[in-house]
Amino acid sequence: LEMNIRIVSLKIRFSDGEFHQNTEEDFYTLEGKVDIYVDGEKIVISEGDIIQLPPPTKHYIKNNYDKPWKALFVKAPFHEKDKVNVDWLPEEDK
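Computed from a predicted model, the values in this text were never measured in an experiment. (Residues numbered from 1 in each chain as written. Predicted model: local features only at pLDDT ≥ 70, side-chain atom pairs only at ≥ 80, totals over all residues. Heavy atoms only, no water.)

Draft legend 1. Up close: unusual backbone geometry. Look at the link from Pro 55 to Pro 56: it is a cis peptide, with omega at 0 degrees. Note on placement: Pro 56 falls in the loop between β7 (50–53) and β8 (59–63). A cis amide bond links Ala 76 to the next residue, Pro 77, at an omega of -15 degrees. As for its position among the elements, Pro 77 is in the loop between β9 (69–76) and β10 (83–85). You will see that Asp 39, though not glycine, has its phi angle at about 50 degrees, which is positive. Of note, Asp 39 is situated in the loop between β5 (33–38) and β6 (41–46). Taking the relative accessible area as the measure of exposure, Asp 39 reaches 53% and is therefore exposed. (Helix = DSSP H or I, 4+ residues; strand = E, 2+ residues; numbered from the N terminus. Buried < 20%, exposed > 50% of the residue type's maximum accessible area, 1.4 Å probe, protein only.)

Below, the structure is given as structure tokens:
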């Protein structure tokens, strides 16, 4: 299990597209809102929302808003080398 709190600054891409082979990743929004692209579909999550991404869900996070996004990230079971980068970006980021 890995848990941490992360803050994604305004108008910034958090990561390139990725998925995890064996790890579920959950995001619980503490403040702000963010766009999460899940298998290519854009989902907006805001304060109080949680999203669960079972493996091997492809995801990409971008803060398109004027306030930082603060979230609790939980990965379980944690595997240090589980992340796989994918060659995918939303159309607006290509």
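Draft legend 2. Here's a closer look at the environment of Glu 25. Of note, Glu 25 is situated in strand β4 (residues 24–31). Separated by 37 residues in sequence, Glu 25 and Lys 62 place their C-alpha atoms 16 Å apart. Here Glu 25 is in contact with Glu 18, His 20, Ile 51, Gln 52, Leu 53, His 59, Phe 73, Val 74 and Lys 75, once residues within four sequence places are set aside. (Contact = heavy atoms within 4.5 Å.)

Draft legend 3. Main features of the environment of Asp 87. Mapped onto the fold, Asp 87 is located in the segment after β10. The class of Asp 87 is exposed, set by a relative accessible area of 84%. Residues Asp 87 and Asp 16, spaced 71 residues apart in sequence, show a C-alpha to C-alpha distance of 8.0 Å.

Draft legend 4. Highlighting the sheet that holds strand β1 (residues 2–8). Spatially, 4 strands are ordered β1-β9-β4-β7 in an open sheet, and the strand pairing comes out antiparallel. Each edge of the sheet is formed by a strand with only one pairing partner; in this case those strands are β1 and β7. On average, each strand axis in the sheet is tilted by 20 degrees relative to the strand beside it, whichever way the strands run. As paired strands, β4 and β9 are joined by 7 bridges and run antiparallel to one another. What sits directly across from Tyr 28, in β9, is Leu 72. (Pairing = 2+ DSSP bridges. Axes fitted to C-alpha atoms, helices over the stretch in contact; angles between N-to-C directions.)

Draft legend 5. Here's a closer look at the pattern of salt bridges. Within the structure shown, the criterion is met by 4 salt bridges. For the salt bridge of Glu 18 with Lys 83, the shortest nitrogen-to-oxygen distance reads 3.6 Å. Of this pair, Glu 18 sits in strand β3 (residues 18–20) while Lys 83 sits in strand β10; the two residues are 65 residues apart in sequence, bridging distant segments of the chain. You can call Glu 18 buried: its relative accessible area is 7%. The partly exposed category is assigned to Lys 83, whose relative accessible area is 46%. Because the salt bridges share partners, they merge into one network encompassing Glu 2, Glu 25 and Lys 75. (Salt bridge = Lys/Arg side-chain N within 4 Å of Asp/Glu carboxyl O.)

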